[in-house]
Structures are given as structure tokens and as C-alpha cells.
Amino acid sequence: MKSMISVKDLHKYYRSRKGDHHVLKGVSFEVAKGGIFCLLGSNGAGKTTAVNILTTLGKPDRGSASINGCDVVKYSDRVRESISLTGQYAATDELLTGRENLQMIADLRRVENSKAETVRLLQAFRLEDAADKPVSDYSGGMRRRLDIAMTLMGNSPVIFLDEPTTGLDPQNRIAMWELIRTMANDGVTIFLTTQYLEEAEQLANQVAILHEGVIIAQGSPEELKQDLYCEETDSLPTLEDVFLTHIGEK
Amino acid sequence: MRFFSDTYVMFKRNIKIGFRNPDAFGMAIVAPFIMIMLFGLVLGGAMEMGRANYVNFIVPSIMMISIVQSTIFVGISINREKKAGIVDRFRSMPIAQSSFLLGHVCASVFRSVIVVVAVTVGAFIIGFRPEASFTQWLAIAGIFLLVTVAATWLAVFVGLVVKSEESASSSLTMISLLPYLSSGFAPIETLPRWLALFAEHQPFTPVIDSARALMMGSPVSNSDLILSVVWWTGIAVVACIAAVKMYGHKLAK
């Protein structure tokens, strides 16, 4: 099957007065169309840097990346047509209402039937009652839901979610998982970053573990666990064991 | 065309947000009004030229201060949107990339125009009595608009560069204090030598001198007019290029 996201030998440095910081050290992976790909890593592993390059916000220093067959540097305009990004913070306009936030994205993305689409998303994200209140009155969970609804407006085939559950309470986290599964069932390709192993185990068809700028393991959650199958106890490790073994802290 | 419709969507967005922030908007109008009262009514009576003349004398510089202060809002907004990931969202969308900044600039200029008109009306109530003809008013409006556009791009640039909303606000407030050290509140001849030297060569002075002459219907010095246009076109062009570069390249991660 043709891959939706293709990343080859990606390098990224951050230059500062103290010297260069090598954030991505030759990262490569392929993401198939449909399904959920999870980039798992601790803080500072380079997850957001990878997302930034794939969403045309940053440029790689070496290597290449393409989405839907289009190079992210050369054809950034075309790449933007097929992606939608939810960053680490809920990027909503506080003084606009939920409806206005959605309508604005619909106008910018030239969505047909934008009014009906707005209503549909408000309903899907349980925001109808708060639709005409300013976002400044929303709770953290509501803001995050609106943020994701804005990302879904326009039906982009590839969705990037950068740590979508960081800072959510357990109830909202589980609701978010449900939502991500629903999106994947609709045929959207989802690129997810997380620092929670449980999240990767729950959601992903495919996991890549990113540690200090290097992919140290990748495969389906089952494959990763098989690698560490222990004959003596006849038990499968948890993804946590896999993670800790690979980053060499166990 | 994508460019126009995207810019219009961004403009509408910023106009809504601006008017839903009555504190910032109200302050931009009330502060200059109180300044005219303080300088014109409180201090004006002690001036040699008399209270009535002094009110007329200070209006141009108060206008400069209110223009710069009214741009602080756009600087703060852009800085907040940069940190909140809103800029990232727009930069990763298939839209005309210039529309984000242009939408901000157009909305901010629109707000500043309302502020300046409101302050002019306020000044009139307090005792401002201009004698300009219609064409002179047009000339004043033209120069003020140029200063407003330049100050707005400057505020946009500052908002993109600085680390926090506080420093966006304080650096722009610093700029808004510059008209105090100009020909705005006392004739330059009365200032100490070193200060006169600064006042004479800073960008607000030729605008204030031209506007004052135009408002009073007296002859305007051509060199003041030319200097005003050169200074502020220069500032507008440099700030605009710097802001666009900052948005396009430096924000790249």
C-alpha cells in the first residue's frame, strides 16, 4: 500500500549561542493510509520538531519528508491542502464564540455548507449548548474539544495531533481516545504524538519510539511486545517494558 | 481571489475581537482625553500663550500619542496568538500566508482611526478650536494615516519579536512616550540645548509641526511635510518588511 506520510533520514539542528543542538538525528518512518500512527517519546525527544517539519512549520536541515506524495519543503502549499494540525495548546480565539471559531476556519478552508458543517461539529463535540458563548467561558476540556473540531473542519485526509491529551483529566482523556478512534474509522490518517505509553497501546496501529532524536523501535504494539517475549515466564511485556528496555533505563 | 477573501476573513476576526475588548478600546480613547484635560486645562492656564492657545498647541502631539497607544493592542494580540499556537494553526493551513498579518494591520488601523476621531471630538469639547479648511483637513488625515500605518506595522513586528505580552506592551508604550520629547508641548527654542537637538531630529516633530500649522490654517513648511512623509514612509516600509520576514522565516521551527 502506498504510504501517506514518508520520512527519510530527517535531521534537524537548533542553533544557539551555546552551540548546535542536534534534535533529530536521522529519523525515518512510513505511515500507511488510514489508521493511527503514534510517535512515542518523553519530553524533549523531538516529537514536536518532527510534527513541525511535517506540517510545514519548520524545515529539515537534512533528509526529506512527504505527505500524500508531496514534498513538505518544495510543495508546502499542496501539503497544507491535505493536512490539519492540533498543536500542544488549544489554539482557539478566546473572545470569539465556539460557533464563530468554527465558522472562521470553514471560511478559510472554503467549506461548502459551512453553517451546517459548523452545527454538525458542534453537535459531534457536545458543544451545542455553549456554541454562542465566548471561548473564555469554556472549561479546559471544552476548549480542547473545540480545538479538535476546528482541526476536523474541512475533512483533511491527514490529521496531526501533538500531545492531544496532555493536561486533560482522565474523563476527558478517555473521551478524546473515543474521538480519535472514531476519526480513524472514518478513514482519516492520524499522526499522534504522546508521552503516555498507555495511550499508544490503546490507540495506535503503529508505534515509533523516539528517544533523543533517534527512532529506537517501531512496529505495531504487538510486534514491539513480541520482541521482548519472555519464554521463562511465558509472558508478554507491557509497552512500558519495551520502552524502558529500549531507552536502556531498566 | 484567495488573497482578498482570506484577508477579509482575518480582518473580520480581528475587528470582532477588538470590539469585544472594551477595556483596551475604552482606555485608548479615555487616556488621551485626560491628557488633553491635564495639559490643556490644568497646565495651560500657566502658559504664556494662555489656556485656549495651549489646547490648540498640544492637540497634534496628543494625537501622535493616541495613535501609538492604540497600536499596543495589536502587538499584544499577535504575541499572544504566537504563543497560543494560533499562528501555527494558520501557518499550516492552505491560506494566503500574508492574510494573517494584513488582517491584523487593517483591523488595527481601523481601530486607530476611530480612536483618533473620538479624541478629536473630545478635544473639541474641551476647547480645541481648529481653523483648517477642508483641504487642510484632508492633508492632516493623510499624514495621520501614514503615521498610523507605520506605527501599526511597528507594533506587529514588536509583537512577533518579543517573548511576552508584557514586553510587547512596555516596548510600545516607550515609543508612545517619544512625542513628549518633541516640539509637541513647548516650542523647541525653550528646551535645553541637548534635548532640543533630539527633539528637532526625531520623527514625530515634523508631523506635529505640519499638523499644527495645518490645523491653525497657517502656512506649512514644505521641509516639514517632506520630512514627515520620508520618515514615516521609511518606518512603514522597514517595519513591514521586518514583520513579514519574521513571520515567514524566523518563526520557522
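Just so you know, these numbers come straight off a predicted model, no measurement behind them.

Attention now moves to the overall build of chain B. When helices and strands are counted, chain B shows 10 helices and 0 strands. In chain B, the succession of helices and strands from N to C terminus is α-α-α-α-α-α-α-α-α-α. Across its three principal directions, the C-alpha atoms of chain B cover 60 × 35 × 35 Å. Out of the 253 residues in chain B, the part that is buried amounts to 49%. Once local pairs closer than 6 in sequence are excluded, the contacts in chain B between residues at least 24 apart make up 80%. As presented, chain B carries roughly 11200 Å² of accessible surface, and 73% of it is formed by carbon and sulfur atoms. Placing the 19 positive and 12 negative side-chain charges of chain B at their respective mean positions leaves the two points 13 Å apart.

So, about the interface of chain A and chain B. Contact residues are listed per partner, giving 30 residues for chain A and 28 residues for chain B. For the pair chain A and chain B, the two sides together bury roughly 2500 Å², of which 57% comes from carbon and sulfur. Of all residues in chain A, Leu57, Leu95 and Leu108 of chain A bury the most surface against chain B, accounting for 28% of the area lost on that side. For the pair chain A and chain B, the interface holds 5 salt bridges. Scanning the region where chain A abuts chain B turns up 10 residue pairs in polar contact (both at pLDDT 80 or more). Residue assignment for the side of chain A that touches chain B shows that the elements contributing at least two residues are β1 (3–16), α2 (76–82), β6 (83–86), α3 (98–108) and α5 (140–152) of chain A. Residue composition of the side of chain A that touches chain B, by class: 13 nonpolar, 7 polar and 10 charged.

The biggest cluster of nonpolar side chains holds 72 residues, and the ones touching the most others in it are Ile180 and Ile190 of chain A together with Phe90 and Val156 of chain B. Per-element tally for this core: the top contributor is helix α6 (residues 170–185) of chain A, with 6 residues. Leave out the neighbours within four places in its chain, and Ile180 of chain A touches Ile36, Leu161, Pro164, Ile190, Leu192 and Leu203 of chain A. Core analysis: the second largest hydrophobic core is formed by 38 residues, Val116, Ile126, Phe185 and Trp232 of chain B among them.

Turning to its location among the elements, Arg109 of chain A is positioned in the loop between α3 and α4 (114–124). The buried charged residue Arg109 of chain A lacks any salt bridge, with Glu81 of chain A as its nearest oppositely charged partner at 6.6 Å. In contact with Arg109 of chain A, not counting residues within four places along its chain, are Arg80, Ile83, Ser84, Met153, Gly154 and Ser156 of chain A together with Met93 and Pro94 of chain B.

All names here are of chain A. Tracing the backbone shows Phe29 in strand β2 (residues 19–32). Relative accessible area serves as the criterion here: at 4%, Phe29 is assigned to the buried category. Leave out the neighbours within four places in its chain, and Phe29 touches Ile5, Ser6, Val7, Phe37, Leu54, Phe191, Ile215 and Gln218.

Let's shift gears to the sheet that holds β6 of chain A. All names here are of chain A. Taken in spatial order, the 6 strands make up an open sheet running β6-β7-β8-β3-β9-β10, and their pairing is mixed. The sheet terminates laterally at β6 and β10 (214–219), the two strands that pair on one side only. The sheet shows a mean angle of 15 degrees between the axes of neighbouring strands, direction not considered. As judged from the 4 bridges shared by β6 and strand β7 (residues 158–162), these two strands associate in the parallel manner.

All names here are of chain A. All chains considered together, the criterion is met by 14 aromatic pairs over all chains. Taken together, a centroid distance of 5.9 Å and an interplanar angle of 35 degrees make the contact between Phe29 and Phe191 tilted. One end of the pair, Phe29, is in strand β2; the other, Phe191, is in strand β8 (residues 189–194), and 162 residues separate them in sequence. For the pair Phe29 and Phe191, one class covers both residues: buried.

Looking now at α4 of chain A. Owing to its 3.6 residues per turn, the α-helix brings residues three or four apart onto one side. Residue and element names in this part refer to chain A. Taken as a whole, α4 has its buried residues at Ser114, Glu117, Thr118, Leu121 and Leu122. Here the buried residues of α4 occupy an arc of 135 degrees about the axis, which is enough to place them on one side. Against α3 and α5 lie the buried residues of α4.

Atomic detail in the predicted coordinates should be set aside for any region of low pLDDT. For chain A, per-residue confidence averages 88 on the pLDDT scale, and residues scoring 70 or more make up 93% of the total. Within chain A, α3 of chain A carries the highest mean pLDDT (97), whereas helix α9 (residues 239–246) of chain A carries the lowest (72).

With that settled, consider a nonpolar patch on the surface. On the surface, Met37, Leu38, Leu41, Val42, Leu43, Met47 and Met49 of chain B cluster together to form a nonpolar patch covering roughly 530 Å² of accessible area. Structurally, Leu41 of chain B can be placed in helix α2 (residues 22–43).

The next point concerns the sheet that holds β1 of chain A. Residues and elements named next belong to chain A. If you walk across this open sheet you meet the 4 strands as β2-β1-β4-β5, and the pairing is antiparallel. The outermost strands of the open sheet, each flanked by one partner alone, are β2 and β5 (70–71). Pairing analysis gives 11 bridges linking β1 to β2, with the strands arranged antiparallel. Along β2, the bridge assignment pairs Ser3 with Ala32. Each of β1, β2 and β4 (62–67) is contacted by helix α1 (residues 47–54), which is oriented at about 115 degrees to β1, the strand it contacts most.

Moving on, we come to the side chain of Thr118 of chain A. All names here are of chain A. You can see Thr118 is positioned in helix α4. A relative accessible area of 1% places Thr118 in the buried class. Setting aside its immediate chain neighbours within four residues, Thr118 contacts Arg99, Leu102, Gln103 and Met153.

Definitions and limits used
- Residues numbered from 1 in each chain as written.
- Chains lettered and ligands numbered in written order.
- Predicted model: local features only at pLDDT ≥ 70, side-chain atom pairs only at ≥ 80, totals over all residues.
- Heavy atoms only, no water.
- Helix = DSSP H or I, 4+ residues; strand = E, 2+ residues; numbered from the N terminus.
- Buried < 20%, exposed > 50% of the residue type's maximum accessible area, 1.4 Å probe, protein only.
- Contact = heavy atoms within 4.5 Å.
- Areas by Shrake-Rupley, 256 points an atom, 1.4 Å probe, with all protein chains shown as cover.
- Lys, Arg positive; Asp, Glu negative; His and termini not counted.
- Charge placed at Lys NZ, Arg CZ, Asp CG, Glu CD.
- Buried area = accessible area lost by both parts, 1.4 Å probe.
- Salt bridge = Lys/Arg side-chain N within 4 Å of Asp/Glu carboxyl O.
- Polar contact = N/O pair within 3.5 Å; in protein donor to acceptor, adjacent residues only side chain to side chain.
- Nonpolar A, V, L, I, M, F, W, Y, C, P; charged D, E, K, R; others polar.
- Core = buried A, V, L, I, M, F, W, Y, C linked by side-chain atoms within 4.5 Å.
- Pairing = 2+ DSSP bridges.
- Axes fitted to C-alpha atoms, helices over the stretch in contact; angles between N-to-C directions.
- Phe/Tyr/Trp six-rings, centres within 6.5 Å; stacked < 30°, edge-to-face > 60°.
- Arc of directions from axis to C-beta.
- pLDDT = per-residue confidence, 0-100.
- Patch = residues over 30% accessible without salt bridge, like charges linked within 9 Å, V, L, I, M, F, W, Y side chains within 5 Å.

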